[in-house]
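Structural overview for review
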There are 2 protein chains.
Amino acid sequence: MEYKDAKDKFIQTWGSLGSLWGINKAMAQIHALLLISPEPLSMEDVMEELHISRGNTSMNLRQLIDWGIVFKTSKAGERKEYFTSEKDVNELARQIARERSRREIQPTLKVLKEVSNIEDNGTAETKEFIKQTKALHELADTADSILNRVVNQESNWLTKTFIKLLK
Amino acid sequence: MEYKDAKDKFIQTWGSLGSLWGINKAMAQIHALLLISPEPLSMEDVMEELHISRGNTSMNLRQLIDWGIVFKTSKAGERKEYFTSEKDVNELARQIARERSRREIQPTLKVLKEVSNIEDNGTAETKEFIKQTKALHELADTADSILNRVVNQESNWLTKTFIKLLK
DNA sequence: TTAAAGTTTCAATAATTTTTGAAAGTTTGA
DNA sequence: TCAAACTTTCAAAAATTATTGAAACTTTAA
């Protein structure tokens, strides 16, 4: 396979994958492009490479910066802003884990705690409801703790842990 | 909070959460409803509770069955089909982990392996591309192995592992 | 068989999400 | 201070995704 085809395929794949770690296609594609680019890219560069509009590029770059996985840089003597992504994939994973915990798991835990607190009036319905929402709360809590481990340890924790578990 | 409110809130929350573990709102809401229902429900029951159409209910129930987290049951002497969900949340987590590995991670690994295999022609571009896609492949591989652990062990592996890690 | 009960399919429609592009806003060098 | 270079905003349009509902299909009891 040629570099050009491989690059397109990678960007395409990463883009459709995005929708399932909770970000849109353009955002994931911009990220993919920056990840494999040896040099920072300008907004124009991104627009041209991905054939997307200026507004779209601007908004999605901002979101990537919000997620903490893309950074603004400037080139000496140039007015234009350049963008580059976190290049260390372990650090990338940590950052994503951190954001997903904050954006998704924490709010869910809050709701689960709240709803599982209703008074048990003795009916099968409320008994089952309380039992199941409590069980989900516990599960989500465990998942979150594991994510936080990933976030707070050195960046190759994931690999180390896995190796340890194999023994 | 009243049972009714808590129930609505739970179904609502689970529904919007669905979009981020890769299933649509109706599908997640049906799952939530079955999860907290002490008795199996008919298609009519689900339609009424969630105010969704027959077609929608039918299609989403089928998908939930495909995912392996909802089952058809029949009541003695009744023609109608009833549906019930996997009630053990650990088993639920295992099943979801299994499906996500199969549907998402495996195909991604395949593409990453393929594209990282281009010939290094010595340019900065191909060097960076190969380096980064290989690193992603390794990361995804580790993540997948961990998921498979979850899938293949007894259902409270997750909890046990976590407790062990705390020590 | 038959017809009633129940389920599935799918084209049309609705709802939601993403994208565009031009105007407004900001920054900076002279 | 000005104006060129660049970025952001956001209402409208496009694209995508989900939902409906009625017809087609399937199953079963008599």
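You'll find the structure just up there.
Please read these numbers as outputs of a predicted model, since none were measured by experiment.

Rules and cut-offs
Residues numbered from 1 in each chain as written. Chains lettered and ligands numbered in written order. Predicted model: local features only at pLDDT ≥ 70, side-chain atom pairs only at ≥ 80, totals over all residues. Heavy atoms only, no water. Helix = DSSP H or I, 4+ residues; strand = E, 2+ residues; numbered from the N terminus. Buried < 20%, exposed > 50% of the residue type's maximum accessible area, 1.4 Å probe, protein only. Contact = heavy atoms within 4.5 Å. Areas by Shrake-Rupley, 256 points an atom, 1.4 Å probe, with all protein chains shown as cover. Salt bridge = Lys/Arg side-chain N within 4 Å of Asp/Glu carboxyl O. Near = heavy atom within 4 Å. Polar contact = N/O pair within 3.5 Å; in protein donor to acceptor, adjacent residues only side chain to side chain. Nonpolar A, V, L, I, M, F, W, Y, C, P; charged D, E, K, R; others polar. Core = buried A, V, L, I, M, F, W, Y, C linked by side-chain atoms within 4.5 Å. Expected span 1.5 Å × (residues − 1). Least-squares fit on C-alpha atoms with pLDDT ≥ 70 in both. Buried area = accessible area lost by both parts, 1.4 Å probe. Pairing = 2+ DSSP bridges. Axes fitted to C-alpha atoms, helices over the stretch in contact; angles between N-to-C directions.

This part covers the overall build of chain A. Of the regular secondary structure elements, chain A holds seven helices and three strands. Every one of the 167 residues in chain A was classed for burial, and the buried ones make up 47%. Partitioning the intrachain contacts of chain A with sequence separation of at least 6 by distance along the chain shows that 55% fall at a separation of at least 24. For chain A, the computed accessible surface area is about 8700 Å², with 50% contributed by carbon and sulfur atoms.

Where side chains of opposite charge bring their charged atoms close, a pairing between them can arise. All names here are of chain A. Going through the model one piece at a time under the given rule, you end up with 22 salt bridges over all chains. The residue Glu 81 makes a salt bridge to Lys 72 at a minimum N-O spacing of 3.3 Å. You can call Glu 81 partly exposed: its relative accessible area is 39%. Among the charged side chains, a salt-bridge network with shared partners connects Glu 99, Arg 102 and Arg 103.

We note that His 51 of chain A has phi near 55°; this positive angle belongs to a residue other than glycine. Among the structural elements, His 51 of chain A can be located in the loop between helix 3 (43-50) and helix 4 (54-66).

Once that is clear, we can look at the protein's contact with DNA strand D. Taken together, 18 residues lie near DNA strand D, and Ser 58, Arg 62 and Arg 79 of chain A together with Ser 53 and Arg 79 of chain B sit nearest. Here DNA strand D approaches the protein such that, of its atoms within 4 Å, sugar and phosphate make up 53%. The side chain of Ser 58 of chain A places a nitrogen or oxygen atom 3.1 Å from a phosphate oxygen of DNA strand D. Interatomic distance of 3.2 Å between a backbone N/O atom of Glu 81 of chain A and a phosphate oxygen of DNA strand D. When residues of the surface near DNA strand D are traced back to their parent elements, those giving at least two are helix 4 of chain A together with helix 4 (54-67) of chain B. Broken down by element, the residue count for the surface near DNA strand D peaks at five residues, all from helix 4 of chain A. Residues that form the surface near DNA strand D fall into these classes: four nonpolar, seven polar and seven charged.

Side chains of nonpolar character tend, in soluble globular proteins, to be buried together. Core analysis: the largest hydrophobic core is formed by 41 residues, its most contacted members being Phe 129 of chain A together with Phe 10 and Ile 30 of chain B. For this core, the secondary structure elements donating two or more residues are helix 5 (89-115) and helix 6 (124-152) of chain A together with helix 1 (3-18), helix 2 (25-36), helix 3 (43-50), helix 4 and helix 5 (89-115) of chain B. Other than its neighbours up to four places away in sequence, Ile 30 of chain B contacts Val 46, Leu 50, Ile 52, Thr 57, Asn 60, Leu 61 and Leu 64 of chain B. By size, the runner-up hydrophobic cluster in this structure holds 40 residues, among which are Phe 10, Trp 14, Leu 34 and Leu 41 of chain A.

So, about helix 2 of chain B. Quick reminder: α-helices carry 3.6 residues per turn. Residues three or four places apart thus point the same way. Residues and elements named next belong to chain B. Over its 12 residues, helix 2 extends 17 Å from the first C-alpha to the last, a length consistent with the 16 Å expected when each residue adds 1.5 Å. For helix 2, the buried fraction is high: 11 of the 12 residues fall into the buried class. Turning to helix 2, its buried residues number three or more, namely Ala 26, Met 27, Ala 28, Gln 29, Ile 30, His 31, Ala 32, Leu 33, Leu 34, Leu 35 and Ile 36. Between the side-chain oxygen of the N-cap and the backbone nitrogen of Ala 26 there are 3.1 Å, and the N-cap of helix 2 in question is Asn 24.

So, about the relation of the copies chain B and chain A. To go from the first copy of the chain to the second, apply a rotation about an axis and then a shift along the same axis. Least-squares fitting of chain B to chain A yields an RMSD of 0.0 Å, with the transformation described by 0.0 Å of translation along the axis and a rotation of 180°. What the superposition gives is, in effect, a two-fold axis relating one chain to the other. Taking C-alpha positions as reference, the residue of chain B nearest the rotation axis is Leu 20 of chain B, located at 3.1 Å. Interface overlap between copies is the fraction of interface residues in one copy that are interface residues in the other; for chain B against chain A it reaches 100%, indicating a shared surface.

Structurally, Gln 95 of chain B can be placed in helix 5. Those residues in contact with Gln 95 of chain B that sit more than four places away from it in its chain are Trp 67, Gly 68 and Ile 69 of chain B.

Turning our attention to the interface of chain B and chain A. Facing 48 residues of chain B, the contacting portion of chain A comprises 48 residues. Regarding the contact of chain B and chain A, the summed buried area is about 4700 Å², with carbon and sulfur atoms giving 77% of it. In this structure, the connection of chain B to chain A is made through four salt bridges. A salt bridge links Lys 9 of chain A to Glu 114 of chain B, with the shortest nitrogen-to-oxygen separation between them at 3.0 Å. Seen at the junction of chain B and chain A, the total is eight residue pairs in polar contact (both at pLDDT 80 or more).

All right, on to the sheet that holds strand 1 (residues 41-42) of chain B then. By way of backbone hydrogen bonds, the strands of a sheet pair with one another, either parallel or antiparallel. Residue and element names in this part refer to chain B. The strand order across the open sheet built from three strands is 1-3-2, with neighbouring strands paired in antiparallel fashion. The two strands at the open ends of the sheet, each matched to only one other strand, are strand 1 and strand 2 (70-74). Pairing of strand 1 with strand 3 (residues 81-85), which is carried by two bridges, proceeds in the antiparallel orientation. In the strand pairing of strand 3, Leu 41 is matched with Phe 83. Along the sheet face, helix 2 touches strand 1, strand 2 and strand 3 and points at about 85° away from the line of strand 3.

Fair warning: the whole summary comes from geometry, so function is off the table for now.
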